[in-house]
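Working through the structure, step by step
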Amino acid sequence: MTNEAAELKTLLSEYNPNDIFNVDETGLFFRRLPDKTLDFKGADCHGGKCSKDRLTVLVCANMSGSGKIPLYVIGKAKNPRCFKNVKTLPTQYEANKKAWITSSELFSNWLRSLDRKFQHQKRKVAVSVDNCPAHPKVPGLKAIKLIFLPPNTTSKTQPMDSGVIQNLKVHYRKLVILKQLKAYEDTTEPAVISVLDALCLLSKAWANITAKTITNCFRYANFTSEQPAD
């Protein structure tokens, strides 16, 4: 066991599995169909496999799988046309020009909001994250202990990157296919997936991921706690 792994294990031993979280983000070409599917008749690049319309999705859950934090989605448009007259979005949503997480604003604001939530619940939690530039140290956190994972080990030590994000995308693509098939049945035309559609489908896909899947991904990433889950 490396020194970094031993240090992480020691830190995590202080927390209940319900209070150990991991967070990571991923890019999502939200209009793109799965790579192995056939194209619909007459389909072109718009909304098909070649679509480059992108969102960034921040994914966070705890080790026991009992706490899936609502998805945090970043797009390019602050107020897409599809949001008109919509009072409540199915996920958290923010925007910047490149649809990326930015250290100075989006990640820090999201983490502080989560910290306030845990303060209200009177909880002390550990949140692990990789040490890329988009994830700065955030001062003033009261309920969250931010743990930075060892550099150059993300694929091995990041639970969200060890299957949770992939599982989310599989569920999302399945829902996109079903929406496209329904559109063809009703109108014989392909559905155009809007940002609002994407948020709705992401929310459903996130709900479909089981606690067992999440705990298996934490175990695969060698996250352990000496305390049993409540």
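Data block above holds the structure.
Procedures and definitions
Residues numbered from 1 in each chain as written. Predicted model: local features only at pLDDT ≥ 70, side-chain atom pairs only at ≥ 80, totals over all residues. Heavy atoms only, no water. Core = buried A, V, L, I, M, F, W, Y, C linked by side-chain atoms within 4.5 Å. Buried < 20%, exposed > 50% of the residue type's maximum accessible area, 1.4 Å probe, protein only. Helix = DSSP H or I, 4+ residues; strand = E, 2+ residues; numbered from the N terminus. Contact = heavy atoms within 4.5 Å. Expected span 1.5 Å × (residues − 1). Disulfide = S-S within 2.5 Å. Polar contact = N/O pair within 3.5 Å; in protein donor to acceptor, adjacent residues only side chain to side chain. Salt bridge = Lys/Arg side-chain N within 4 Å of Asp/Glu carboxyl O. Axes fitted to C-alpha atoms, helices over the stretch in contact; angles between N-to-C directions. Parallel < 35°, antiparallel > 145°, perpendicular 65-115°, else oblique. Left-handed = near helix turned anticlockwise from the far one by under 90°. Nonpolar A, V, L, I, M, F, W, Y, C, P; charged D, E, K, R; others polar.

Quick look at the nonpolar core
Counting 43 residues, the largest nonpolar core has Val59, Leu168, Tyr172 and Phe223 as the members making the most contacts within it. For this core, the secondary-structure elements that each account for two or more residues are α1 (3–12), β1 (20–29), β2 (54–62), α4 (164–187), α5 (195–208) and α6 (211–220). Setting aside residues up to four positions removed in sequence, Leu168 forms contacts with Val57, Val59, Leu71, Leu202, Ala205, Trp206 and Ile209.

Quick look at α5
Here α5 contains 14 residues, and its C-alpha end-to-end distance of 20 Å stays within 8% of the 20 Å for a straight helix at 1.5 Å per residue. Taken together, the buried residues of α5 touch β1, β2, β3 (72–75), β4 (92–95) and α4.

Describing the environment of Gly67
Tracing the backbone through its elements, the reader meets Gly67 in the loop between β2 and β3. Taking the relative accessible area as the measure of exposure, Gly67 reaches 16% and is therefore buried. It is 8.6 Å that separates the C-alpha atoms of Gly67 and Ala211, two residues lying 144 residues apart in sequence. If we skip the residues at most four places from it in the chain, Gly67 touches Phe21, Cys60, Ala61 and Asn62.

So, the state of the cysteines
Applying the stated rule across the entire model yields zero disulfides. In this model Cys82 remains outside any disulfide bridge; the closest cysteine sulfur is found in Cys200, 9.2 Å from its own. For Cys200, a relative accessible area of 31% translates into the label partly exposed.

Description of the side chain of Ser128
Assignment of secondary structure puts Ser128 in strand β5 (residues 125–129). Its relative accessible area of 1% is what places Ser128 among the buried residues. Side-chain polar atoms of Ser128 contact the side chain of Asn22, separated by 3.0 Å. In this view, Ser128 contacts Phe21, Asn22, Val23, Ile147, Leu149 and Phe223; residues no more than four positions away in its chain are not counted.

Thoughts on the pattern of salt bridges
Here the structure, examined in full by the defined rule, presents three salt bridges. Between Arg123 and Asp19 there is a salt bridge whose closest N-O contact spans 2.7 Å. With a gap of 104 residues between them, Arg123 in the loop between α2 (103–120) and β5 and Asp19 in the loop between α1 and β1 connect regions that are remote in the sequence. Under the relative-accessibility criterion, Arg123 is labelled partly exposed at 24%. When the shortest N-O distance is used, the salt bridge between Arg31 and Asp53 registers 2.7 Å. Here Asp53 lies in the loop between β1 and β2 and Arg31 lies in the loop between β1 and β2, a separation of 22 residues in the sequence.

Focus: the packing of α4 against α5
The N-to-C vectors of α4 and α5 enclose an angle of 125°; their axes lie 8 Å apart at closest approach. Taken together, the axis directions place α4 and α5 in an arrangement best described as oblique. Crossing of α4 against α5: the hand is right-handed. Counting all contacts with α4, which are made through Val164, Leu168, His171, Tyr172, Leu175, Val176 and Lys179, the residues of α5 involved are Asp197, Ala198, Leu201, Leu202, Lys204, Ala205, Trp206 and Asn208. Broken down by class, the residue content of the contact of α4 with α5 amounts to 10 nonpolar, two polar and three charged.

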